[in-house]
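# Overview (structure and organization)
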Amino acid sequence: MSKGFGKPQPTKLDKFIEQAVNHTRRRNPEALDRIFDNLPVELNDKVLKGTVKTLKQDIDSLSWLCGYFASEINSTLDNNKPRQPIILLSKLLMKHGMAPFTDFAPYTGCRIHIIDTMKFEALPAKVQEAINGAFEVMEQSDEEARAINDALLAEMVVD
């Protein structure tokens, strides 16, 4: 059986990204847990970036992935919940040109951190009003945001 003469074989990273993309499209958080809970932090970051890049045009899957990373989706049963605010907010932000994990990032505890505040402030007033009405929006200094980010990262690191 030929593996394709002259064609590069997929790397371990490529295989992990492909698995993560497939599990995201199938809305399978338990399978994503098996990937992200067992890889070193540096590899997790590369898998996440590759997954987001691959799903770039698939807003539904990317918004679901945001819900997963914000702990809104912990098990397959959570996919059946009628209202998932982080998924809806992520989808709204992406439809208005914000990129997940670049312009905004989901965090454990059903939170979203706006990274690019200028992009957020450039959203249509109607969208900003809807977000402010549906979510608690808190402004923080760079130092406060950095301290919160460090604490959240420490929560996510598994030894």
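Above this text you will find the structure in question.
What comes next concerns the included structure. Computed from a prediction, not measured in an experiment: that's the story for all the values here. (Residues numbered from 1 in each chain as written. Predicted model: local features only at pLDDT ≥ 70, side-chain atom pairs only at ≥ 80, totals over all residues. Heavy atoms only, no water.)

### Notes on the overall build of the chain
Secondary structure summary: the chain contains eight helices and two strands in total. Mapped from its N terminus to its C terminus, the chain presents α and β elements in the order α-α-α-α-α-β-β-α-α-α. Here the chain holds 159 residues, and the buried ones make up 35% of them. For the chain, the computed accessible surface area is about 10400 Å², with 54% contributed by carbon and sulfur atoms. (Helix = DSSP H or I, 4+ residues; strand = E, 2+ residues; numbered from the N terminus. Buried < 20%, exposed > 50% of the residue type's maximum accessible area, 1.4 Å probe, protein only. Areas by Shrake-Rupley, 256 points an atom, 1.4 Å probe, with all protein chains shown as cover.)

### Structural notes on the environment of Gly 109
Within the secondary structure, Gly 109 is located in the loop between β1 (104-107) and β2 (111-114). Under the relative-accessibility criterion, Gly 109 is labelled partly exposed at 49%. Between the C-alpha atom of Gly 109 and that of Ser 71, which follows or precedes it by 38 residues, the distance is 5.9 Å. Contact partners of Gly 109, with chain neighbours within four places excluded, come to Ala 70 and Ser 71. (Contact = heavy atoms within 4.5 Å.)

### Observations concerning the packing of helix α1 (residues 12-25) against helix α3 (residues 41-54)
If you want to describe how two helices pack, look at the angle between their axes and the distance between the axes. Running from amino to carboxyl end, α1 crosses α3 at an angle of 55°, the nearest separation of the two axes being 9 Å. Our classification of the angle between α1 and α3 gives oblique. Crossing handedness for the pair α1 and α3: right-handed. Mapping the contact onto sequence places Leu 13, Phe 16, Ile 17, Ala 20, Val 21, Thr 24 and Arg 25 in α1 and Leu 43, Lys 46, Val 47, Gly 50, Thr 51 and Thr 54 in α3. Among the residues forming the contact of α1 with α3, the class breakdown is seven nonpolar, four polar and two charged. (Axes fitted to C-alpha atoms, helices over the stretch in contact; angles between N-to-C directions. Parallel < 35°, antiparallel > 145°, perpendicular 65-115°, else oblique. Left-handed = near helix turned anticlockwise from the far one by under 90°. Nonpolar A, V, L, I, M, F, W, Y, C, P; charged D, E, K, R; others polar.)

### Description of the pairing of β2
Pairing geometry for β1 and β2, over four bridges, is antiparallel. Residue Phe 104 lies in a different strand from β2, and its bridge partner there is Ile 114. Count of turn residues in the β1/β2 antiparallel hairpin: three residues, of which Gly 109 carries a positive phi of about 95°. (Pairing = 2+ DSSP bridges.)

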